[in-house]
Every structure is written in C-alpha cells, then in structure tokens.
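# Structural overview
Chain by chain, the residues:
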Amino acid sequence: MGFDQSYSARKFKSVGTRPLRPDGVDKVTGRARYGADFNMPGQLVGRVLRSPHAHARIRGIDTSKAEALKGVKAVITAADLPDHTEGDSELYNILDNCMARSKAFYDGHAVAAVAAVDAATARKALKLIEVDYEVLPHVTDVDEAMKPGAPQLHESSNMANRSEYGHGDVDAGFNQAEVIVERTYKTEQTHQGYIEPHACVASVNGDGTGDLWVCTQGHFVYRQVCASLLGMDVSKLRVTSSEIGGGFGGKTHVWAEPVALALSRKAGRPVKLVMTRDEVFRASGPTSATSIDVKIGATREGKITAASATLRYTCGPYVGMWAELGAMTAFAPYDLENVKTVGFEVLVNRPKVAAYRAPSAPMAAFAVESAVDELARKIGMDPVEFRIANVASEGTKSSYGPVYGPIGIGPTLEAVRDHPHMKAPLGENQGRGMACGFWFNFGGQTCTDLNIGADGTVTIAVGTVDVGGSRASLSLVAAEELGIPYEQVKAVVADTSTLGYNDMTDGSRGTFSSSMATISAARNAITVMRERAAQMWDIPVGDVVWEEGHAKAKGEKHGNLPPLSVKEIAEKAGNTGGPIAGHSEIVADGAGVSFATHICDIEVDPQTGATRVVRYTVVQDAGKAVHPTYVEGQYQGGAAQGIGWALNEEYIYGKDGRLQNPGFLDYRIPVCSDLPMIDTQILEIPNPNHPYGIRGVGETSIVPPLAAIANAVSNAVGVRMTHIPMSPPRILASLEAEKGA
Amino acid sequence: MSGIAVSTTINGDDVEFLCQAEETLLDVLRDRLGLTGAKEGCGTGDCGACSVIVDGRLVCSCLVLGAEAEGRSIETIEGMADGEKLHPLQEKFLEHAALQCGVCTPGFLMAAKDLLTRNPDPTEEEIRFALAGNLCRCTGYDKIVRAVQDAATVMKGA
Amino acid sequence: MQYTRPTSVNDAVSLLAEAKGTAVVLAGGSDLLVRMKGGFVEPDLIVDIKSIDGIGEIRQTADGFAIGAAVPCAVMGEDEALKNAWPGVVEAANLIGSKQVQGRCTVTGNLCNASPAADSVPALVAAGARAAIAGPGGNRTVPVEEIPTAPGKTSLAKGEIIEAILLDKRAPRSGDAYLRFIPRTEMDIAVVSAGVNLTLDEQGVVTAARVALGAAAPTVLLVAQAAEALIGTAADEDALEKLAAACSAACKPIDDKRGTVEFRKKVAGVLARRAAMIAYKRAGGK
C-alpha cells in the first residue's frame with residue numbers, strides 16, 4: 001500500500017513528551033516476567049555440558065551412564081540435532097555453535113545436554129557424560145592467528161574474509177600530505193554484559209508443534225532459526241518473547257534455545273534452560289578482539305589528504321561480518337577525497353562473536369579518532385576544529401559508499417566546541433578528550449496491528465521486542481497520529497503466532513521502524529474511522545476529515561454535525577461494519593545515519609595507573625526524540641558501556657586457552673561508584689525518510705567513548721595509549737616504558 | 001533425601017517450606033514460593049539482582065541458604081508497595097526513568113530502601129557507593145542516582 | 001548434603017570432628033556458597049555456627065576486643081569503640097564485597113578462606129591479631145598469620161574452628177591503616193594491598209611498627225624490613241622511601257588476570273607508603 005514515509009515538519013503534541021512507561025509498574029514491583037520467570041507444568045531442568053578445551057576433536061561421547069541415572073529424562077549430543085541446513089553455511093555455523101559436531105572450538109563450546117527432574121540431578125548427569133577429546137593446538141590472539149603456521153580451526157586459512165571500502169587514490173593522497181600519523185592499535189574482547197542470563201522454556205509436542213518462551217531481541221528470527229535447525233515448520237513453533245533483561249545485540253543470536261527444544265522433543269516434556277553467568281561469558285556473545293593499523297595524512301593547514309586502515313577482527317570459530325562493519329564505519333564522520341579500508345575476519349579459538357551495540361564500530365573509531373587527535377596535535381590545531389575542517393555533511397560521499405543526506409556530525413561537533421564542558425578547568429593529573437562516532441541504523445521488515453476497543457482505547461501490537469522503553473515511545477506515536485491522549489493507548493509485544501513477521505530489535509531499528517509501521521497502521525485505522533463516521537452521518541466519506549482525534553464533517557452543509565470521537569465511532573462499530581483496526585506491513589527503508597561526539601575528563605594516578613572519570617558529556621543527533629528521557633537513557637547507557645570497555649573490561653585467556661574471568665567479579669563492568677553523572681545534549685536533525693524525522697538512537701553512544709577516553713588519558717599522562725582497555729597495569733607499564741625510553 | 005522444614009516470615013506473612021540443604025534462599029523464593037521478583041544475574045554475589053533484606057540487613061539471597069531463613073524476617077520486592085500504593089522509591093524510579101530493561105530494578109530498589117533506612121540524607125557519593133553492589137548495564141546509573149536523591153527528599157518531607 | 005545448626009561451640013566441634021566426608025563451617029557464606037555454586041566444593045555436612053551463643057558479638061574486654069566468628073563485617077563498621085581503636089582493621093573488613101556481602105561476610109571467614117588477596121588479613125596481621133581456636137584437642141590461640149598456609153589451605157586441624165579474632169587493647173599514640181588497589185572503585189578483589197600498624201612516642205617517633213602485604217605472595221607477607229625502615233623515624237620522606245622499597249623487594253607475586261608481577265611490586269610500595277602516612281597521622285603524628 002502506498003505509505004508516504006517522507007518527513008514533513010509538524011508541531012507535535014504527544015511526541016517529545018515524557019510520560020511513564022506502560023511496563024513500569026510491573027518492573028518496580030517485581031511482577032514483570034523475564035526469561036527465567038516462566039514455568040510450565042511438568043517442566044524439566046536442562047543443563048549443557050561444555051568443552052573445557054580451547055580446541056579439541058571429539059572422538060566420541062558416551063552418555064550411557066548419564067542416561068541410566070534416575071531422574072534423567074533426556075541426554076542429547078549433536079547426533080540429536082541432525083543437519084537440516086541444506087548447504088546454508090550461516091545456518092550450519094549456528095547449528096555447530098549450539099552443539100559441537102566434530103570439534104570443540106572454544107572453552108565453553110556445548111558438546112552435550114541433559115534434561116532431568118531437578119537441577120541437582122541434571123548437574124550429576126553432566127558429570128557422568130564421558131567425552132573423548134583429542135586436544136588440538138589452539139590460538140586465541142588475533143595477530144597470532146594470522147601468522148603462517150598458526151593452529152588452524154578449519155581446513156582453510158584463519159583469515160576467513162577480506163573486505164575493502166573506499167575511494168580516490170590514497171597513495172597520491174599521502175604524497176600530498178605534509179604530516180602523517182601512522183600507528184597500530186589493539187582492543188580486547190568484551191561482552192555485552194546484560195544482567196539477565198539467557199533463559200527459555202521449550203515445549204515440543206509429538207505432533208511437530210511447539211512453544212518457546214524466551215528472552216530475545218527478536219522472537220520471529222528465533223522462531224525461524226530454531227524451526228530450521230530442528231526441521232520444524234516455521235508456523236508450528238510459537239515463540240513468545242518475555243521481558244528482556246538487557247541484550248545489546250547479544251540476544252539477537254540463538255544459543256541454547258535449539259538445545260532446549262531438542263531436549264524437550266526427546267524427553268516429551270517442557271524443558272527450562274537457564275544459562276549460568278559462567279556460561280554466558282564462556283559461550284555467548286562477545287565482541288571481536290581487534291588489531292588495527294591506521295594511517296592519516298594532512299596538510300599543515302589541517303586538510304586530510306588521505307586516510308587508510310587495515311582492520312583485523314576476531315570472529316570466533318565462524319566467519320561473520322565484523323571486520324567488514326569496522327572497515328565501513330572507520331572513517332564515516334569525515335569528508336575524504338582519498339580513503340581506503342581493508343578488513344580481515346580472523347578465526348580464533350574463542351566464542352562465536354555476536355553483535356554488541358553498533359557492532360565493530362567502537363574499535364574502528366578508537367583507532368581512527370586516536371590518530372585524528374594525534375594528527376591535530378602534530379599540526380598544532382585544536383582537535384575539535386581539525387575535525388570540523390574535515391567533517392562530512394549533506395552530499396558528502398561517505399567512506400563506505402553512499403552519499404549522505406542531512407546528517408548530524410557537523411552540528412554535534414559545533415555543539416561540543418561551544419559546550420561549557422570544553423572550557424571547564426582541569427585539575428592535577430587530569431586530561432580531556434573528545435571523539436566522534438557513527439552508526440548506520442537499520443530499518444527492515446516490520447508489522448504492526450492497531451486495534452480500537454469498544455470504549456475508544458487503542459491497543460498496538462508490535463513485533464519488535466521492547467528493550468529500552470519502545471512500548472512507551474510507540475504509544476506516543478500512535479497517540480500523536482490518532483490525535484488522542486497517550487493514556488488512551490497501550491502497546492504490547494505480540495507473539496509470533498499473532499502478528500506478521502518482524503525483524504529483530506537491532507540496528508537501533510525498534511522505535512524507528514515500528515513507529516513507521518505504527519503511523520501507517522494508525523493512518524489505515526483513521527481511513528476506516530472516516531468511513532464509519534461517514535456512514536453514521538450518511539454523508540460521502542470524502543467530506544470527512546480526521547483532526548485532533550475526531551472525525552469532522554467538512555463544508556458548510558455539514559456544519560450542524562458535531563465531531564465524532566474515537567469512542568463515539570467505536571461504540572457503533574457493531575452496526576457500521578464490525579471491529580475497527582489498522583494494520584501495517586512495511587519494509588522500513590531510510591533509517592537515517594546517526595552521529596555523536598563525546599567529551600570526557602579523566603584523572604590518572606601516575607603512581608598506580610588508576611583512572612577516574614571526572615566528567616562526561618554526550619552530544620548526539622536523534623532525528624526526533626520521541627521520549628527524550630529514554631533517549632537520554634540510551635545516550636548514558638551506551639557511554640557507560642563504552643567507559644567500561646575503555647578502562648577495564650576484557651576477556652582474559654590463559655595459556656591453556658581457557659577463559660580466566662567468566663564472572664562479574666573479574667569481568668569488570670562499571671559499578672555505580674565508578675561513574676559521574678553523564679550529561680547529554682540531544683540534537684534533532686530530522687531524518688527525511690521518516691514521517692516524524694525519527695532516527696535510531698540506541699547504538700551510536702557506545703562508539704566514541706573508547707577513543708574519547710584514550711585521548712583524555714593520553715592527554716593526562718603525556719603518553720599515547722594504543723591498547724584498550726587502559727587497565728591500570730597497562731597505563732603504568734606505558735608510563736614506565738616512557739620513563740625508560 | 002528428605003527436605004529441611006523451615007518456618008519464616010516473608011513480607012510480614014508466615015511462610016513454611018521444605019528445601020534441600022544446598023538450595024539458596026533465592027532458589028526457594030523463586031522456585032518454591034513463586035516470588036520471582038528477585039533475579040539471578042550471577043549466583044555469586046557480584047550483581048545484586050537478588051537483593052533482599054533479612055532481619056534488617058541487605059543481603060544477596062543467592063549467598064544465603066534457604067535453611068538459614070528459619071525464624072528470620074525477610075523483605076522482598078513483592079512487599080515494597082503498600083497494596084496499589086507504590087513506595088516513593090518505586091515512584092521515583094518510574095518518574096526518572098531509572099530503569100530500562102528493569103531486570104536489576106528489584107535489587108536496586110531493595111538496596112536503595114536499605115540505604116535510606118540507614119541514611120535518610122545521603123550525598124551523591126554515599127548513594128553511589130551504597131549501590132555499588134548492584135550492577136546495571138542499561139542506564140549508566142545517572143537516572144538511578146537521581147531517583148534515589150529525589151525519593152530521599154520526598155521521604156524526608158513525609 | 002546435610003545442614004545443621006549447633007547451639008554450642010562444643011557441639012560444632014564434635015559435629016565437625018566426627019563428620020564423614022567433607023564438613024564445612026558456614027558463618028556468612030559469602031565464600032562458601034560461591035564455591036558450592038561453582039562446584040569447587042560439595043560438602044556432605046554444613047555446620048551453620050550462627051546460632052552459637054555469643055559468636056555473633058563483638059566483646060570488649062580488659063585485654064582488648066574479641067570479634068566473634070559470626071560477626072558480619074557490617075557490624076564491625078557500626079561498632080564505634082572498635083572503629084576508634086582499630087580503624088585500619090575495620091576499614092579493611094568494610095572493603096570486602098558490596099553492602100549486601102558486608103551484611104554476611106566475616107573476618108574469620110575471610111581468614112579461613114585463605115585467599116592471598118583477602119582484604120582483612122593484611123590489616124589483621126599488621127594489627128598483631130590472634131585467632132582463638134576451639135577443637136577436639138582443646139583450645140589454643142595463635143597469631144592470625146599462622147592460619148593460612150597456602151592459597152585455600154589453613155593450619156586448622158579436623159574439627160577445629162576459630163571462635164573469635166582477638167585484638168589487643170590499644171597502646172597510646174597508635175594507629176593503623178589499610179589500603180588496597182583495585183581497578184574499579186568497588187566490588188573487586190585486591191590486586192595488591194598493604195596494612196600498616198604503628199605506635200609513636202611522645203615526640204612522634206615510631207617505636208613499633210608492623211607492615212603486611214596482601215596479594216603479593218601465596219600468603220600474607222609480614223615485611224620486617226619495612227617496619228624497621230619506620231622504627232626510629234618520624235615517618236619522614238627518607239623512611240617512607242625505604243619502606244616502599246622494602247615492600248616492593250619483599251613481594252613475590254604472580255602474573256594473573258588481576259595484575260602483573262611488575263605492577264604488584266611497584267604498587268605494593270606505593271600503597272604501603274600511603275598507608276603508613278595515614279597510620280602515622282591516626283597515631284597523632286604530624
């Protein structure tokens with residue numbers, strides 16, 4: 001259906017206000033149900049046996065003793081998940097990751113699973129499973145894995161993919177440069193660190209139908225993947241998304257859900273499977289560890305003449321698109337004549353890499369924005385002014401190909417330049433840094449139903465999981481479009497059997513795409529309500545307009561007809577054609593790209609390398625902030641995650657290839673006392689491809705912090721930091737090395 | 001194996017249950033008593049999502065055995081509101097958008113309640129250190145700290 | 001697995017002494033339950049000592065303080081007399097874990113867990129604390145540094161439990177302090193730590209000192225050379241420099257997920273120096 005998604009300026013009534021979220025009371029009273037809060041009658045406890053080896057051939061698995069244990073109802077291995085992937089290598093990799101088929105590729109790789117009557121029995125059963133491993137040499141470091149002679153995961157090279165982006169002639173550009181900065185940077189692997197571990201309850205019946213209750217960012221995608229892996233019909237598996245206790249990309253991939261379904265199928269009973277925190281770290285969702293070379297050249301006047309980067313990203317045992325995303329995003333904020341990026345996807349004996357908030361962009365931005373800062377300093381220019389002198393704007397051909405429409409990078413830089421934070425004095429041992437960040441934002445397939453109740457209240461059923469308050473923002477959008485109060489709208493996330501397909505809540509698409517579908521559904525509902533009003537008045541529908549939440553008859557001849565409210569129309573629906581609803585199925589194209597610039601002040605204890613975040617400011621373009629408080633929350637949350645990544649979070653592997661810190665004790669995410677208040681400034685540069693100008697806001701805020709903090713620390717201590725996280729031992733070692741040099 | 005019979009008080013109600021020796025108070029609350037407000041984020045006392053108050057002390061219920069509840073008085077998130085009237089902390093968490101995903105929220109509310117009981121007028125720093133045992137990955141803590149500050153102001157005035 | 005709750009020390013000792021299989025003592029549980037969760041220990045018998053009369057109390061005696069084995073660290077922080085006498089011990093005890101953990105964890109448990117990185121242990125060792133032990137063979141009292149013998153191992157015999165940690169009455173012009181290094185501001189295990197306890201004469205000259213380091217060796221280190229560097233001085237720059245150097249030299253740390261050998265050596269000296277300055281001030285030195 002023709003839906004005009006183009007932006008037109010308007011005065012908003014609901015959008016831009018800050019009402020309470022509809023799921024709020026349940027969440028402050030403990031009533032909200034998350035993945036592990038759901039139970040089914042007769043359910044069993046599922047547990048997974050995981051490889052203790054970083055790399056090992058599985059010669060055999062003897063499950064007989066476990067099967068013989070009283071209370072054990074099913075034991076499965078890869079043999080119970082036969083290959084239905086029909087040559088789809090991406091799907092095959094998911095299958096292999098869910099349950100190792102011939103080799104265990106990392107410490108934590110699933111090799112078998114049990115379902116038993118209780119947790120103690122399940123735990124006992126795992127110990128009775130005998131796996132015959134042939135331990136193989138392993139490699140966990142990105143640079144080591146690329147060396148000739150490195151242990152190889154698969155038959156082909158560890159360099160699983162090469163991608164290249166850019167335009168112009170970088171060699172010629174570097175020849176024109178008067179000043180060049182060239183460095184290699186490294187970042188360690190981090191985890192999304194959602195507080196809720198993966199959890200699901202699976203129930204598969206003998207007739208090939210099933211139910212899955214699960215915490216996920218995309219229940220429709222989980223349905224498709226799980227059904228494909230189990231050889232089920234997609235429509236016979238109903239997936240219900242629970243409240244989700246954080247995802248940040250980590251819950252866009254299936255992990256143990258197919259295992260739970262397979263256990264349930266074999267046991268003939270529902271199976272609840274909840275990962276332990278240890279399993280979450282060892283076997284789900286980390287980012288890439290990276291090693292990145294950057295070279296940027298400029299004239300003494302401050303014009304960048306050429307920029308290049310080679311980006312090496314680990315992907316775990318299976319090829320992804322991680323290095324490619326890094327190569328695409330690296331130089332996105334700049335208007336460059338000559339630019340080239342090459343990405344290498346590197347296989348290592350670590351868990352399969354998963355999306356993490358603006359996946360791959362923070363590491364690339366760390367490398368590039370560090371080099372940009374250093375270059376500005378070399379030239380003697382203010383780092384903000386240097387960036388402004390080279391910034392991308394509407395019409396710029398981006399470093400990854402497309403030509404930009406209206407974008408917010410220039411305005412965020414100008415806002416930062418003028419921000420009081422930039423002028424505030426610094427204390428002893430303190431340094432200030434700033435950096436830019438970019439994320440594409442996604443749109444994609446979206447389906448929304450809008451149903452009008454008999455009393456004129458409205459339910460919107462959406463298919464994008466609410467990870468940060470989207471039920472509130474989508475209710476605001478529905479209220480705006482219909483012209484009714486926010487309180488009259490209730491948004492719910494529908495299950496896979498009651499709504500058409502939706503892509504995941506990823507790529508900052510939840511509010512962008514579902515708001516577009518909601519507007520479309522609301523317009524369809526308005527069309528129906530105009531028709532009903534016309535019937536009620538017995539006038540041509542062409543004479544009925546929709547204004548301020550009412551059907552109004554236009555023209556002097558209808559001047560005596562009082563406007564009809566939603567309620568008045570809905571009350572008569574039984575006599576005018578039945579229930580009133582608006583539906584929408586769209587591909588939400590045109591997600592506007594997003595830019596941010598951050599400022600931070602860091603204090604460093606020169607004797608211990610300890611750091612303290614003194615002040616932090618986020619400036620980001622939201623297109624249009626539907627619920628400004630929740631937009632601020634996204635800015636602050638992303639910044640906090642980036643701060644953790646920059647300073648302390650990292651996967652630490654031993655020489656044996658085992659993860660040394662699979663818990664919140666030694667995988668150190670920021671605690672409340674680590675952070676200051678995080679100031680935010682929302683800019684609104686409307687997205688031309690959304691009726692309200694909305695852009696995604698969820699991800700970009702994690703992109704600049706690594707670089708902003710590295711720049712601040714480098715300024716505080718006078719030594720350029722090139723390895724993330726800048727943990728105290730690393731900072732102190734850099735200082736000692738500088739002293740020795 | 002027979003269970004251990006435990007008599008305790010939860011949110012003012014007398015409660016009796018049977019549990020095994022190795023079961024934690026968190027296991028008992030969630031799996032035996034249907035009180036799923038306390039969450040298991042780590043099971044090792046590092047995230048605070050399972051925080052409850054036992055005999056006036058804030059604890060991680062994952063680090064308490066169910067059997068230890070004998071004769072104690074336990075407060076959980078389910079007992080925080082008075083009927084449909086929310087506790088000022090609950091109201092302020094909503095108002096300030098101090099939650100996004102909300103899975104850490106019950107633990108934060110219990111910890112904040114404990115703080116304000118002991119220190120009705122905390123500084124920002126005192127709030128931050130008192131809540132350091134509760135991990136939140138969504139908010140960056142800014143709005144949580146503001147909600148606690150605001151609730152403290154309201155409660156002092158009450 | 002059995003759970004039992006004796007009401008006397010004798011009963012607890014008999015239960016532990018006669019237990020078949022693995023028997024463990026439960027006070028705060030903040031280490032035990034984590035180890036059970038990780039499958040590192042699967043006890044056959046859990047002996048919860050919290051119902052033993054008086055074991056959850058801090059007693060002030062003519063000789064000093066007796067901190068019962070089941071006293072949560074939070075309670076130590078609320079005891080003004082203890083805090084005034086031994087601020088370093090109390091601040092060390094109050095650094096363990098979060099508020100939630102504080103409500104449960106005990107210094108006796110911290111000692112018996114025998115982690116080289118235990119926060120309260122260097123402060124207790126610097127303070128010259130002793131452990132009052134009850135066992136099947138009778139009672140004995142030993143310096144706390146004799147309890148941990150290696151990471152995870154103690155000198156306690158089967159059936160023995162620590163009833164209380166004993167701290168001496170304070171001599172005039174005494175002060176103690178404890179500092180640890182952690183990457184975050186809370187919730188971490190010490191990467192390296194230092195406890196300093198000293199006594200001054202009326203002129204502000206150090207007459208007695210004990211300096212202990214944590215996470216610097218398999219068990220807590222009592223660094224005699226560091227103490228000697230302070231004694232006879234007014235904790236001046238030169239003395240502090242010597243103390244720091246002695247601490248760095250005494251360290252025998254390892255590289256692990258929390259820090260490197262070089263980092264621990266360097267920072268041990270930095271922390272010992274800073275702790276000595278705080279202790280000196282607390283003792284009334286200027």
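For clarity, every value in this text was computed on a predicted model and none was experimentally measured.

What follows deals with the side chain of Lys27(A). Looking at the element boundaries, Lys27(A) is found in helix α1 (residues 24–29). A residue is classified by how much of its surface remains accessible, and Lys27(A), at 2% relative accessible area, is buried. Within polar-contact distance, the side chain of Lys27(A) engages the side chain of Asp23(A) at 2.8 Å. Those residues in contact with Lys27(A) that lie beyond four places of it in its chain are Arg21(A), Ala32(A), Tyr34(A), Glu243(A), Arg471(A), Leu99(B), Gln100(B), Cys101(B), Gly102(B), Thr105(B) and Pro106(B).

Residues and elements named next belong to chain C. Taken in spatial order, the 4 strands make up an open sheet running β11-β12-β13-β14, and their pairing is antiparallel. The open sheet has two edge strands, β11 (174–181) and β14 (221–222), and neither has a second partner. Pairing geometry for β11 and strand β12 (residues 192–200), over 8 bridges, is antiparallel. Across the sheet, residue Asp176 finds its bridge partner in β12, namely Asn197. Contacting β11, β12 and β13 (206–214), helix α11 (residues 261–282) crosses the sheet at an angle of about 150° to β11.

Interfaces are often sized by the amount of accessible area the parts lose when they come together. Residues and elements named next belong to chain B. Taken domain by domain, chain B consists of domain 1 (4–76) and domain 2 (88–157). Summed over both sides, the interface of domain 1 with domain 2 buries roughly 980 Å², with 56% coming from carbon and sulfur. Our count for the contact surface shared by domain 1 and domain 2 stands at 1 salt bridge. The set of elements that each furnish at least two residues to the side of domain 1 that touches domain 2 consists of β3 (51–54) and β4 (57–60). When residues in the side of domain 1 that touches domain 2 are grouped by element, the largest group, 3 residues, is from β3. Taken together, the residues of the side of domain 1 that touches domain 2 break down into 5 nonpolar, 5 polar and 4 charged.

For Thr299(A), the position within the fold is in the loop between β13 (290–298) and β14 (304–316). Excluding residues within four positions of it along the chain, Thr299(A) makes contact with Glu178(A), Thr305(A) and Ile379(A).

This part covers the interface of chain C and chain A. Each partner contributes to the interface: chain C provides 18 residues, whereas chain A provides 22 residues. Approximately 1,800 Å² of surface area, both sides summed, lies buried where chain C meets chain A, with 54% of it carried by carbon and sulfur atoms. When the buried area of chain C at its contact with chain A is split by residue, Pro183(C), Arg184(C) and Lys257(C) rank highest and sum to 34% of it. Our enumeration of links across chain C and chain A arrives at 6 salt bridges. Of the charged contacts, one joins Asp605(A) and Arg274(C) as a salt bridge, the two residues approaching to 2.9 Å between their closest N and O atoms. Inspection of the chain C/chain A interface yields 11 residue pairs in polar contact (both at pLDDT 80 or more). Counting residues per element, the side of chain C that touches chain A draws most heavily on α11(C), which supplies 5 residues. Split into classes, the residues belonging to the side of chain C that touches chain A amount to 7 nonpolar, 3 polar and 8 charged.

Conventions adopted
- Residues numbered from 1 in each chain as written.
- Chains lettered and ligands numbered in written order.
- Predicted model: local features only at pLDDT ≥ 70, side-chain atom pairs only at ≥ 80, totals over all residues.
- Heavy atoms only, no water.
- Helix = DSSP H or I, 4+ residues; strand = E, 2+ residues; numbered from the N terminus.
- Buried < 20%, exposed > 50% of the residue type's maximum accessible area, 1.4 Å probe, protein only.
- Polar contact = N/O pair within 3.5 Å; in protein donor to acceptor, adjacent residues only side chain to side chain.
- Contact = heavy atoms within 4.5 Å.
- Pairing = 2+ DSSP bridges.
- Axes fitted to C-alpha atoms, helices over the stretch in contact; angles between N-to-C directions.
- Domains from an automatic or database assignment.
- Buried area = accessible area lost by both parts, 1.4 Å probe.
- Salt bridge = Lys/Arg side-chain N within 4 Å of Asp/Glu carboxyl O.
- Nonpolar A, V, L, I, M, F, W, Y, C, P; charged D, E, K, R; others polar.

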